[in-house]
Structure formats: structure tokens, C-alpha cells
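Take a look at the letters that make up each chain.
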Amino acid sequence: MKHRRRGKPSPPAKSSTARRAPAKSAEPHAAHHGSHIIADVLIGLAIALLLTTVNWGIEKTAFGEQFRESTYDVLQLQLMSKFDPANLEITVVDITGIPTRRATSHDYDYTDRQQLKNLVQKIAAQRPRAIGVDVDFTPYPDQMSDDDEFLTYCAKLRKLDPASSRPGVPIYVATFQSLLLGPAFALYEPDYAPLAAYAGFPLAGEDETPKKMVDSVVVHYIDENHNTQDWTVPSLSAATAGVPIAPPAKWASWAIDRVSNVTKEGFNSTEFYVNYGPLDGIIARTIAWDDSRIGTDAHLLDGKIVLIGRGQQATSSGDRHILPGHRGKLFAGVYIHACAAYTLLHHPLQKLTFKGRTALDISLSLLVLIPVALVRWRYRAAEPHGGIAHHRLSTVLTVITAVVAFAAGVYAVNVHHLMWDDSLFVATALLIEGLVERRLVSTVQFIAHLLTLGWGLLLFKQDEGGNRQLDEETRGH
Amino acid sequence: MKKPVDTKIIQNLPSWLRVCGLLLVVLAGLAGTPRTARAQQTAFAGIVTDVNCKAEVKESGNDTPRPLAVGNGNRRPLIAGEQLRCTGPGSMTVVLAEGRKPISKSDGWFAVQQGAILQGMAKYAEPAFTRGASPDDSIFMSPPSDGTAEIEHLIVRWKTAGIQGDVTLSLSPQGSEHELWRQAAVPGASGSLDSDGFRQVLAAYRERGASAPLLLKMQDAAGKNYEVSFSLLATRDEDDLNQMLTEWNSRDAIVRYLGRASTYSSFGLFVEAAEEYESALREAPDSSLLLQLTAAAERRIGNSTRAAELAQKLDRAMAKSE
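Calculation notes
- Residues numbered from 1 in each chain as written.
- Chains lettered and ligands numbered in written order.
- Predicted model: local features only at pLDDT ≥ 70, side-chain atom pairs only at ≥ 80, totals over all residues.
- Helix = DSSP H or I, 4+ residues; strand = E, 2+ residues; numbered from the N terminus.
- Buried ≥ 20, exposed ≤ 12 C-beta atoms within 10 Å, placed from the backbone.
- Contact = placed C-beta atoms within 7 Å.
- Domains from an automatic or database assignment.
- Nonpolar A, V, L, I, M, F, W, Y, C, P; charged D, E, K, R; others polar.
- Pairing = 2+ DSSP bridges.
- Expected span 1.5 Å × (residues − 1).
- Axes fitted to C-alpha atoms, helices over the stretch in contact; angles between N-to-C directions.
- Core = buried A, V, L, I, M, F, W, Y, C linked by C-beta atoms within 7 Å.
- Arc of directions from axis to C-beta.
- pLDDT = per-residue confidence, 0-100.

1. Section: the overall build of chain A
- What chain A contains, in helices and strands, is 12 helices and 17 strands.
- Taken over 477 residues, chain A has a buried fraction of 42%.
- Sequence separation of 24 or more characterises 73% of the internal contacts of chain A that already satisfy a separation of 6 or more.

2. Describing the overall build of chain B
- A count of helices and strands for chain B gives nine helices and 17 strands.
- Looking at the 322 residues of chain B, the share that counts as buried comes to 38%.
- The long-range fraction of contacts in chain B, counting pairs at least 24 apart against all pairs at least 6 apart in sequence, stands at 62%.

3. Some words on the domain arrangement of chain A
Residues and elements named next belong to chain A.
- The domain boundaries assigned to chain A delineate domain 1 (2-10 + 36-60 + 354-453) and domain 2 (87-349).
- Summarising the inter-unit geometry, the C-alpha centres of domain 1 and domain 2 are found 49 Å apart.
- Each partner contributes to the interface: domain 1 provides six residues, whereas domain 2 provides seven residues.
- Class assignment for the residues of the side of domain 1 that touches domain 2 results in three nonpolar, two polar and one charged.

4. Thoughts on the pairing of strand S11 (residues 259-264) of chain A
All names here are of chain A.
- In this structure, S11 lies alongside strand S12 (residues 267-273), joined through six bridges in antiparallel fashion. The residue bridging Thr263 from the neighbouring strand is Asn268, located in S12.
- Taking the residues between adjacent antiparallel strands as the criterion, S11 and S12 are bridged by two residues, where Gly266 takes a positive phi near 90 degrees.

5. Some details on helix H3 (residues 62-82) of chain A
- Here H3(A) is 21 residues long and its end C-alpha atoms lie 30 Å apart, about the 30 Å a rise of 1.5 Å per residue gives.
- Taken as a whole, H3(A) has its buried residues at A:Glu69, A:Thr71, A:Tyr72, A:Leu75, A:Gln76 and A:Leu79.

6. Observations regarding the sheet that holds strand S1 (residues 44-49) of chain B
Residue and element names in this part refer to chain B.
- Spatial strand order, S4-S1-S6-S7: four strands in an open sheet with antiparallel pairing. Looking along the sheet, the strands with just one partner apiece sit at the ends: strand S4 (76-79) and strand S7 (99-104). Within this sheet the neighbouring strands show an average axis-to-axis angle of 30 degrees, counted without direction.
- Inspection of the sheet shows strand S6 (residues 91-96) paired to S7 by six bridges, in the antiparallel sense. Note on S7: the bridge partner recorded for Thr93 is Pro102.

7. What to know about the nonpolar core
- Of all hydrophobic cores here, the largest spans 112 residues; its most connected members are A:Val173, A:Leu180, A:Ala197, A:Tyr335, A:Ala338 and A:Cys339.
- Examining the composition of this core, we find that nine residues originate from one element, helix H9 (residues 333-345) of chain A, more than from any other.
- Beyond its immediate chain neighbours, meaning those up to four positions away, A:Ala338 contacts A:Ile90, A:Val92, A:Ile282 and A:Leu307.
- If you look at the next biggest cluster of nonpolar residues, it comprises 46 residues, including B:Ala212, B:Leu241, B:Tyr257 and B:Ile301.

8. Quick word on helix H4 (residues 113-124) of chain A
Residues and elements named next belong to chain A.
- Compared with the 16 Å implied by 1.5 Å per residue over 12 residues, the 16 Å span of H4 between its first and last C-alpha is a close match.
- Among all positions of H4, only Arg113, Leu116, Leu119, Val120 and Ile123 are buried. Taken down its axis, H4 places every buried residue within 120 degrees of arc, on the same side. Away from its buried face, by an angle of more than 90 degrees, H4 presents the exposed residues Gln114 and Gln121.
- Structurally, H4 contributes buried residues whose contacts are with strand S1 (90-94), strand S3 (109-111), strand S4 (130-136), helix H5 (144-158), helix H8 (293-296) and strand S14 (305-309).

9. Let's talk about the environment of A:Thr228
- By the element assignment, A:Thr228 lies in strand S9 (residues 228-234).
- Excluding its chain neighbours within four sequence positions, the residues that come into contact with A:Thr228 are A:His220 and A:Ile222.

10. Describing the environment of A:His391
- Here A:His391 shows up in helix H11 (residues 390-416).
- Counting along the chain gives 313 residues from A:His391 to A:Gln78, while the straight-line C-alpha distance between them is 36 Å.

11. Side note on the pairing of strand S16 (residues 214-219) of chain B
All names here are of chain B.
- Only one face of S16 is buried, namely the one carrying Leu214, Leu216 and Met218, since none of Leu215, Lys217 and Gln219 on the opposite face is buried.
- When strand S13 (residues 166-173) meets S16, the two strands line up antiparallel, connected through six bridges. Note on S16: the bridge partner recorded for Leu169 is Met218.
- Pairing between S16 and strand S17 (residues 225-232): six bridges, direction antiparallel. Among the inter-strand pairings, Lys217 is bridged to a residue of S17, identified as Glu227.

12. Brief notes about unusual backbone geometry
- With an omega dihedral of 0 degrees, the bond running from B:Ser142 to B:Pro143 counts as a cis peptide bond.
- Among the structural elements, B:Pro143 can be located in the loop between strand S10 (140-142) and strand S11 (147-149).
- In this model, A:Arg127 sits at a positive phi of 55 degrees, which is unusual for a non-glycine residue.
- Turning to its location among the elements, A:Arg127 is positioned in the loop between H4 and S4.
- A count of 14 C-beta atoms within 10 Å places A:Arg127 in the partly exposed class.
- At A:His226, a residue that is not glycine, the phi angle is positive and equals roughly 65 degrees.
- In this structure, A:His226 sits in the loop between strand S8 (212-222) and S9.
- Residue A:His226 is classed as exposed on the basis of its 8 C-beta neighbours within 10 Å.

13. Let's talk about the confidence of the model for chain B
Residues and elements named next belong to chain B.
- Scored by pLDDT, chain B has a mean of 81; 84% of the residues are at 70 or more.
- Confidence drops under pLDDT 50 across residues 1-40; counting only partners more than four residues distant or on other chains, this segment forms 70 contacts.
- With pTM at 0.70, the complex prediction returns an ipTM value of 0.79.

Laid out in C-alpha cells, this is it:
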């Protein structure tokens, strides 16, 4: 090992005899150094595994979380730069100006249902692809009759119009906890159950921004016979987009995930990562509820997904959220549903599974280890004379791999929508690994030398003791 | 949060247009805000169905029973804190996420509570929709409900009406049970808490890059719970805010105060915005428009007493002008 650190290949022999002679005598040495190379690769691999484990540990710390959050923000900004407004099929209609009504005997307000109905009527006339009403329709006692009238109208809207033979307009309303009571009660009447869409936004940890939206919720409710039944409810974005999330290709399914499953008491949910790239575009194209074009411009909402909710002016609704890539501002929930629907309509975001991440981490380490080992193997004959400059080669390859890792992270999000949010972390870890590995290998080798030396001394002493005894015996005779 | 007003564009306009535009922006932002405040303690808990008995309900915080009015399908939604009973023969069924419970006269009053499953969903996700609830339902005036707080000047303020004895305040990130700070034995009647410890905890929270909104909870001696959700002004926004405020400083007094108020509002700093409106009102105490704006700003931070006082003054001014 000491020889290799000098990092200079042995000078080539001048004559053919000189070239041949050491080759013959060096054959056992070459084999010996070959085993050294294999040992170094194994040590390197062990260190890579150890450091990968340490990486996972660090990623769980506040520092690691922040690092990943920052990378995720960068990836979201990448998605934003790739957003093409021409492909935006979603329009938000901002109902901030619609007044609220005060409940008569309870302490709550609710959006005026008559005004909402008038608006839906105007929007439906434009034949949108789907309508999502991001207004809470959880049943409350004082708004029963108002809700009943509105939901009856929506249920009718969904059906085929026999007069004009025009298909119905898929329309959904926001629901939350009441879903847990099952389809017969979620929207007060069983007939309204097809209108129900889940409008919760999964909470993230305190040090992270929420990145996922619900695709669907499976509610385990208890029916009138006291049996547990399942009811699958789409989220507002999934219901309006109407596009299921296709699983990744079979060969990649072990490494890549598009959805994650969450199990809670009373329900399960399926979540997906949201592309917030179109957020600014959606906000810029928001239409006010009283915009005269809604009633006059026949092409304004034709074939679009229309989401109705309190938009950016709604500083008072309590429905304001922090989003990845857009820190320092809060956004209304209707924009999250809009981005989520956009994500489902276009390429859904993908994430590496635990297995995928592990394989990628180790593969990147191997990208450095294997070429170095191969080069060393090719020139193993030169090892006794100082060998090749493999540490320098290793350093160069580590830097290249780290840069490639980060570039691959950016490429993966742009082309495959793969959110490899620890690419920067892995790149940094690779550089650290390169530094640490050399010292660790040296330390291990130093310890091995010491042990060998100690073992040799021990053998020598034993041997010396045996000879002494033999001498004494010989002298005695 | 509204997008911050571009001060450069505004400053190139004639001053009369600036003031009018500013007022329109502010009025538009405050449109639909109700003039009175009341506590909002409404949480969906279940539905009562198959009501085949003469039934009564006691609403939350009201001990007077009323006949239970059911709607279509012989059903009525239930709110946590309500109580139900059958006063005659027959029964009714309460449907909760945990199952169905038949209630008859012999059961007496049935207290409706939000069960663990419903609470579990609220812990799993936050509502990404609106009911149109007004912001002034919180008992807290500072930090503002669903607004932003500037750590350096943050003093916790609350309305003292209805608060009994000492209160315990605690802080945690929204959706998390991890408590960041707690202070017990705070006199409820004091109406405020100026605590360096609280500000240090907030600074540490922001320092480590946490971005989740915070939930400040208060429990009084009678066990009543109150809470307010708010966010912290991000460090990067501080510079923008200061720059925008500075740009208004060279203006005439009223324009300056209104401009600063609009800037504060655009960052969600509603408490600071209300202070600026108050300053503007001091310059022109009889201005109907300023009375209206200041009342709305006070209402936004839950200061209903001051808002009502200004509303009365506004009514008098209007009557006088007529």
C-alpha cells in the first residue's frame, strides 16, 4: 500500500530481455497485488455501505431535512421553468367576492349557496370538462335546506340532459371529515354521494413543506347492519382530472414509486407528489366570479377543468398553505387542487423507493470503485514499483460522479419527472466518501500491518523458544 | 396572502389616483368581512337519523333545550358539544364514524362529541377548501388569525371577555403534537403576554428553516380552549418589507400611513396594518373612508370593541352628512 501512495507507474523496461525477465519473476507478486486490489475494492464497498447508512441517518436530522427541502425546492423551480401555459387545461374561478351567510342558530358562516348555484349554472353552460367546487359541503344544521337545493341541482347537472341529449357535466364538491360516515351521510343524502370529493391536504412534518396530495381515500364505514364497508372517494383533483395514476413500468417498479399509501384509523389514503410548476400560471389566469366573460365568451371554459374557490385574495378564509418552491407566501387550497389536477393530467411525479435509493447510492460508489480497480488490475504488474496513480484517478472519478449525480437529478426531473431530492446530498456524500475512504483504507491497512507484524513477532518468538530448547537438548547430549 | 403592491408603479401615478387606487385595493381585500365577531366552535361530529321520538337539542354553550328540527330524510347534522334526548316514546339513531347509537328516553341527554376517527382525519390533513368563515372568530388579537407575525415586536394579546382565572399558553406547529413552548399561570384578565422566551422560541423555529404554520393554544381555568393559527414573517421577506415601507416614508402623512398599511396587509401583518390605519385616522378623524378602513382592519385582527366603536362613529358621521 505504501508503494501505491507514491502514485507513479513503474518506468518501462528498456530491452526485451529486461522486459521479460521481471515479468516472469513478478508473476507471484502480481497475483499477490491482485488480491490487494480485490481487498481494496471490498474495503471500499464496505465503506460505501457504511457511509450510505450514515447518509440515511443524516437525512433524518434537521440539517438533512433542510438540505433535502432545498433540493426539492430547486426541483420544483425546474418544473416551473418547464411549464407551458399553452398546455393549461385548468381554470380557477375566484369566488372571494361572493358574500357569506351567517348561520341562524350556530356560530358559523357559509358561502351563499344561491350565488354559488348561479355561478355553476353559468359555468356549466360552457360545457367544461369537469367542475370542482372547493367550498366545504360538510353537513351543518343551519344550511341544510340551502345545501339540499344546491346539491340537487348539481346531481341533476351530472345526468344526461334528455332535451338536448347533451352529456352531463361531472361536478364535485369539497368534503372532509363527514366522508367517514359513509356514502349515505357524507353529503347528508345518499343521492348526493357521487358528488363527494375529498379536499384535505395531507400535513407534513414541522420542518417540511407538504408535497403530496391525496389521490383517493378508502373510508371504512359502518353500515346499518353494523358491518364494516369500504367506500372509495376521489380527491377533488383526481375527480376532476379523471385520469388514474398509471403504475411505473414493471421493470422499474421496485425502484420508482408514483403513489404512497397511508393507513389511518377509519380510512386509507393514496397520495401522490404534486407538480407546483404551473402555480404562477394558474394564478395569473384566474377568473373572478363576476367576470362578464363567463356568461358571454363561449370558449372561455369550454373543455376545461374549472375549479371554484376562494383564491389569492382570500386572506381571511383560513385556507392558506405553504407550498414547496414558493416559500414566503401562502396559497389558497383551490390552487393546490389545480396543480394536483395538472399533475395527474400530465406526467405524474415519481420518487425513488428505499430500494431504488439504496441501489443508486451504491451504484454511484461502484462507478468510482470498479473503474479504479479495473485500471489497477490492468497494471497490477506495476504495483511493486509504485503502481499507477489510482488515488488521483479515484479523486477525479469521484468529482465527476458527484457532478453527474447532481446533473442527473436535474435531468431526471425535467425529462422523467423523477424527484430525486437527495441527489445533491448524494453528490456531497460521494465527495466526503472519497476523502474519508482513503483515510479509512489507510487506517485499516495500518491496523492490518500492525496485526501481521504482531503475529510475525509472535511466531518468531515461538520459533526462537523452540530452537533454544533444541540447542540445549543438543548441548546436553 | 395577497401579492405585495408594486410601489414603483404606484409612485409614478398622480397622488389622487394613488390614494383612490390604494383605497380600492384595501376595500376589495376587506370585502365581505362581517361587522361583528363571535366565537366559532363548530366541528362536525355526526348525523342524527330515524328520529321517531319527540326530541330536544341543547346547542353548544346554550343550556336551553329546543325541539330538534330535522330536515329531509328525517335527518339532522350534529355539531360537537350539542346534547340530544328523546322526551317521549320511540327512539332516534346517532350516526358517528365509530358506529351507530340508538337513543331513547331512558338514555337521557346524549352529549355529542367528535370521535377519535374524525379527529384522526383532522390530524392527517388540513382543509384545503373554504367555508367562508370570517377571520375574526379567534379570541386572539395578536398574533392575527391566519396572518403573519413579526417576531421582534410580537406580543400575545387576547380578548378578556369570558376568560376565567389564569390561563396556560402553549405553542406547537400546526398538525403536530410537538410542543415548542408552554407558559402556565398567566393572568387571563391581563389580556396580553410580553414574553422574551416566547419570541426566542419563535426565532429558533424560524432559524432552523421550519415553515409550517404555528398554533397558539390557550386554556383557561374553566378548561375552555382557544387557539389561533399564524405564520412567521420569513427572513427573506423582512428585507422586501423594509424596502417597501421605506419607499412610503417620504410621502405625505395619510398616503404614507395607508401605503404602509397596504404593505403590511400584503405580508399578512394585520396587526401592524391596523396600527397604520389608526395613525391615518388620527390625521383625519372624521373621514368616513378612514373610519371604515380602520374599523375593517381592527375587525380583521379580532378587536371587535374598537371596530364597533369606529362603526358607531361612522354611522354618526354618515347621519350628520345626510
